[in-house]
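# Coordinate analysis (summary)
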Amino acid sequence: MTPAPAPVRQAYHLRLYVAGQTPKSVLAFRNLKQMCEEHLEGRYEIEIIDLVENPQLAAGDQILAVPTLVRRLPEPIKKIIGDLSNTERVLVGLDLRER
């Protein structure tokens with residue numbers, strides 16, 4: 001009998017849209033990094049997009065407010081607006097925890 005294959009662990013591609021180094025943007029990144037380390041260890045990539053430097057990039061993901069977290073992978077795309085301090089809401093929003 002051959003052993004069952006190990007379950008495939010999905011990789012998460014996350015984009016955090018910010019507007020410069022504001023306290024809210026810094027807090028959002030810190031909160032996101034901590035959650036990823038706890039719940040997605042080794043399975044995530046965070047891309048920071050500063051709309052002060054590249055405002056044209058907001059159109060691609062239809063960003064209306066900052067900070068905004070966009071989960072690009074796994075699909076479907078999900079968005080969470082704010083400083084990501086409500087851990088439970090973020091985990092549910094990323095489909096890492098049931099409602």
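This write-up is about the structure you can find in this document. Only a predicted model underlies this, so the values are computations on that prediction, with no experimental measurement involved.

The rules we used
- Residues numbered from 1 in each chain as written.
- Predicted model: local features only at pLDDT ≥ 70, side-chain atom pairs only at ≥ 80, totals over all residues.
- Heavy atoms only, no water.
- Helix = DSSP H or I, 4+ residues; strand = E, 2+ residues; numbered from the N terminus.
- Buried < 20%, exposed > 50% of the residue type's maximum accessible area, 1.4 Å probe, protein only.
- Polar contact = N/O pair within 3.5 Å; in protein donor to acceptor, adjacent residues only side chain to side chain.
- Contact = heavy atoms within 4.5 Å.
- Pairing = 2+ DSSP bridges.
- Axes fitted to C-alpha atoms, helices over the stretch in contact; angles between N-to-C directions.

### A few points about the side chain of His13
- As for its position among the elements, His13 is in strand 1 (residues 12-18).
- According to the relative accessible area criterion, His13 is buried, its value standing at 18%.
- Of note is the side chain of His13, whose polar atom sits 3.1 Å from the side chain of Glu47.
- Apart from the residues lying within four places of it in its own chain, the contact partners of His13 are Glu45, Glu47, Val70, Arg71, Arg72 and Leu73.

### Observations regarding the environment of Lys24
- Relative to the elements of secondary structure, Lys24 occurs in helix 1 (residues 23-39).
- Once the C-alpha coordinates of Lys24 and Ser85 are considered, the two residues, 61 residues apart in sequence, prove to be 9.9 Å apart.
- Excluding residues within four positions of it along the chain, Lys24 makes contact with Pro67 and Asp83.

### A closer look at the sheet that holds strand 1
- The four strands lie next to each other as 2-1-3-4, forming an open sheet whose pairing is mixed. Two strands bound the open sheet, and with one partner strand each, they are strand 2 (44-50) and strand 4 (78-81). Going across the sheet, the axis of each strand differs from the next one's by a mean of 20°, ignoring polarity.
- Pairing geometry for strand 1 and strand 3 (residues 68-73), over five bridges, is antiparallel. Of the residues in strand 3, the one forming a bridge with Arg15 is Val70.
- Packed onto the sheet, helix 1 meets strand 1, strand 2 and strand 3 and runs at close to 170° relative to strand 2.

### Considering the pairing of strand 3
- Relative to strand 4, strand 3 runs antiparallel, the two being bridged by four bridges. The residue of strand 4 that forms the bridge with Arg71 is Lys78.
- The antiparallel pairing of strand 3 with strand 4 creates a hairpin that spans four residues between the two strands.

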